[in-house]
Amino acid sequence: MHCRTIVCLLIAWNCFAQFAPASAFTPDPPTVQRQGPAYRYPQAGWIVLHIEGDPYDRGQQHGKLLWREIENYIKCYAVIQSPKSPSEAWKLMRTMTDALFLRRFDPELLEEMKGIADGAAAAGAKFDGRPVDLTDIVAINIWPELLTLDEALRAQPTGLEGKNFDKQIPRPPVTPKPSRCSAFAATGVATKDGKAIIGHISMFEIYPCNFFNVWIDVKPTKGHRLVIQGAPGSIQSGMDWYINDAGIVLTETTISQTKFDASGLSTGSRSRHAMQYGDSIDSVVKLLGVEGNGLYTNEWLLADMKTNEIALFELGTKTSRLMRSSKDEWFGNTKGFYWGCNNTKDLAVRMETIAAANDRPANMIFCPEERDIAWVKLYERTKGAIDADFGKLAFGKPPLAARNSCDAKYTTADMALHLQSFAHWGDPYGQLWEPTHDEREKYREVQPIVPNDWTVLTTNPPAQEADTATIAVDLKTDASDKDEESDGDAHDDDNKPQPPPAWHGTILPASDGDIWLATAFAGFHNYVAHERELLKKHEKDKEKDKTKNKDNPIELTQLERDDLALRLFHARSAALTKGAAMQSVPLRKITSDPTDDRWFHSAAGRGIMLLAELRRRLGPDKFDLAMDAFGRDHAGKPTDTDSFIATMNAIDHNTLKDFFTPWLDSTDALPTLELRDVTSANQDADYIVTAQVLSKGGCPPANIDVTLETEDGETTTAFTFNSGIAKIEIKTDKKPTRLIVNKYGQTPCTNGYIWSNSAFKRDLEHTLIIYGTRTEATANRIAAEKL
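Given the structure is predicted, the values throughout are model-derived calculations rather than measurements.

Conventions used here
Residues numbered from 1 in each chain as written. Predicted model: local features only at pLDDT ≥ 70, side-chain atom pairs only at ≥ 80, totals over all residues. Heavy atoms only, no water. Buried < 20%, exposed > 50% of the residue type's maximum accessible area, 1.4 Å probe, protein only. Helix = DSSP H or I, 4+ residues; strand = E, 2+ residues; numbered from the N terminus. Polar contact = N/O pair within 3.5 Å; in protein donor to acceptor, adjacent residues only side chain to side chain. Pairing = 2+ DSSP bridges. Axes fitted to C-alpha atoms, helices over the stretch in contact; angles between N-to-C directions. Salt bridge = Lys/Arg side-chain N within 4 Å of Asp/Glu carboxyl O.

A.B. asks: So what's going on with helix H9 (residues 267–277)? Residues and values would help.
C.D. replies: With respect to burial, H9 is a largely interior element, 9 of its 11 residues being buried. Every buried residue of H9 is listed here: Thr-267, Gly-268, Ser-269, Arg-270, Ser-271, Arg-272, Ala-274, Met-275 and Gln-276. The opening residue of H9 is Ser-266, an N-cap whose side-chain oxygen sits 3.2 Å from the backbone nitrogen of Gly-268.

A.B. asks: Can you break down the pairing of strand S17 (residues 407–412) residue by residue, with the values?
C.D. replies: Burial analysis of S17 places 6 of its 6 residues in the buried class, the great majority of the element. Residues Asp-407, Lys-409 and Thr-411 line one face of S17 and the alternating positions Ala-408, Tyr-410 and Thr-412 line the opposite face, and both faces are buried. Pairing between strand S8 (residues 197–202) and S17: 4 bridges, direction antiparallel. Bridged to Ile-197 within S17 is Thr-412. Bridge count for S17 against strand S18 (residues 421–425) is 4 bridges, and the pairing is antiparallel. Following the sheet pairing, Lys-409 is matched in S18 by Ala-423.

A.B. asks: Residue-level account of unusual backbone geometry, with values.
C.D. replies: Backbone torsion omega between Pro-398 and Pro-399 reads 5°, so that peptide bond is classified as cis. Relative to the helices and strands, Pro-399 resides in the loop between helix H13 (390–394) and S17. The residue Ser-723 is not glycine, and still its phi comes out positive at about 55°. Residue placement: Ser-723 occurs in the loop between strand S26 (713–720) and strand S27 (725–732).

A.B. asks: A description of the sheet that holds S18 should follow, citing residues and the corresponding values.
C.D. replies: Across the sheet, 6 strands lie side by side as S16-S7-S8-S17-S18-S19; this open sheet has antiparallel pairing. Only two strands of the sheet have a single partner each, and these edge strands are strand S16 (337–340) and strand S19 (455–457). Between one strand axis and the next, the sheet turns by 15° as a mean value, whatever way the strands run. Across 4 bridges, strand S7 (residues 181–186) lies against S16 in antiparallel orientation. From the neighbouring strand, Ala-186 faces S16, where its bridge partner is Phe-337.

A.B. asks: Outline the pattern of salt bridges, supporting the account with residue identities and numerical values.
C.D. replies: One pass over the structure, following the stated rule, counts 39 salt bridges. Lys-335 is paired through a salt bridge with Asp-328; the nearest N and O atoms lie 2.5 Å apart. For Lys-335, a relative accessible area of 37% gives the class partly exposed. Judged by relative accessible area, which is 45%, Asp-328 ranks as partly exposed. In this structure, the salt-bridge partner of Lys-696 is Glu-674, at a minimum N-O distance of 2.7 Å. Here Glu-674 lies in strand S23 (residues 672–683) and Lys-696 lies in strand S24 (residues 686–696), a separation of 22 residues in the sequence. By relative accessible area, which is 29% here, Glu-674 ends up partly exposed. One network of salt bridges, in which partners are shared, links Arg-58, Glu-108, Glu-112 and Arg-272.

Okay, here's the thing in structure tokens:
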């Protein structure tokens, strides 16, 4: 009888009636990534990004934290323009961007985009083999304008309008624009408490929608703090959502495209500038309407949450119309309510959508469409009772939420004054949005969009949590850890040259019981070669630096230690989740199976852990030399485990006595470590920290690394086990803050919770997925149905 793998994807019941309070969400510390004062973390399908400071600084923060997403987003638009020749298409995009848009941005925003480009490039972002640059970032910020350029040029006079030509060629028909978004703003007699509420839903193609989930909190040196729904690399909201700390909310729906003014400022530049420096409807409208290029023509909805005034601002290239609740100006007699759904309401703005009135006839009469009618019906049914549930009601079903909806968000007066929004990522009525067959064929990297539950997005900073460790005791409660900054991803070695080999030889297993040796001999080599290269680099730096004491041992940085720990963690995770957890047999008894891969992960992961512990017992120098000699002698030959044991025992038989048996002939050689009896005492001007580490079960490790963190750094010391106990005593002249056992994972042990989705994905027949709590019920229902 098979054991069932039970995956409990939901562990906390969401017991509130409708929405959680703004303080309910706290990101898990391991999910928070930091770059100086900036950070990012996931929340209910969103990427929450906080940046701050001067333009270039906040841009760099953005670029470094989202460099992978920026790289993929550029690729997305290159592929959309030409699935067969994305590189050539992007070159043309860059030329158009440079010629028409790059110099039509506010200088401050151009500087911020330069910072994004430099930060992303420094972290490793590339397109077509080169680092991303300013032109790339400007290009992804003006994509809405480029999408409307063809229509804008159709509306641009050529001077031939109204003329008759004997042999005139038929003109291709104009392709109807897809529905892009819906929006509303309500206040006064329309709402339950008389206060304002405003919301928006985006509709677009699935591939770019994969990237529209970035919630950007910008705290600039000058101007207002603001939140933006954007995409990787955005300095403006192409997804049409801004809130600033002056209480102004700005959203929009696109309308029929008006003429193009090449001398005008970018729409993205004007909207972002208006919300960073505007503090009222008057000032935002003024900044938004000045010297525009006309592209991406919009019907803007605004709300001033300080006064509860709302407004509708239709803005063409040279014409506009502003309606305000304070002047009792309403369209369609919907007192207290404005709506938008891509249908131009003002005649003067509609007239700018044609090249000339004396040319081909065009219908300029406003005709309500399906969504216009739906908005009015919803208003009539709920007027006087519109409250914090209205956005969820409006965006919960067609026609106001179309099948290609990727988000929904709205905010109340009280929430907006705290820069908060209700937000939903994915289809608001709970359907998995999968790419069609044609979309998969055209866009190989497009992903389905899984709906999440409604959440409250805020600007609350995540707690300054210490890094999780295998075993840790905090010795001080008021210390805050500072993250070490990095210019890139320390684990991204795809484009880096390989370090010199630590040893040589590709060996083959003599039998299935020797698979662990062949796989681990190669797998552990990669770890050792990387470590040796890091130490070699520090050795060179030490020789060049005349101020350093040559007798002091070389120490790796914390980031380098973290990198090495992660490399070992991959092996431990593979063994405990993909391998031994599902195939609990001794290493010598493992048998290969062409229909399964659990045996391989068990052999490789457990084998690497065996070699890691063996290296700690023998010491790096002896071990590495022995591995090189063994590899050269057995290169290309079937090799058995006993010959390897004999080679290693010849180095130091006493040290390795009884070592191999538990590793090779039992189902689990990993011990459980326990930290206890921790004390910290003053002695003269120093601190003495004492403790004990107990090793229970498995193969007792030779020694254990214990890291003592102080107010200004850390020291790591190895302590030897004697009869399963390692006695710890560390002296320091700095006040200790935390004691951590095995912080960098050098000793294989079972401490710490290791999880991998491979554990259930590899045995779907016997997997039970439990779902049903409110927060993630929809996503888990879809997962269960798919599996």
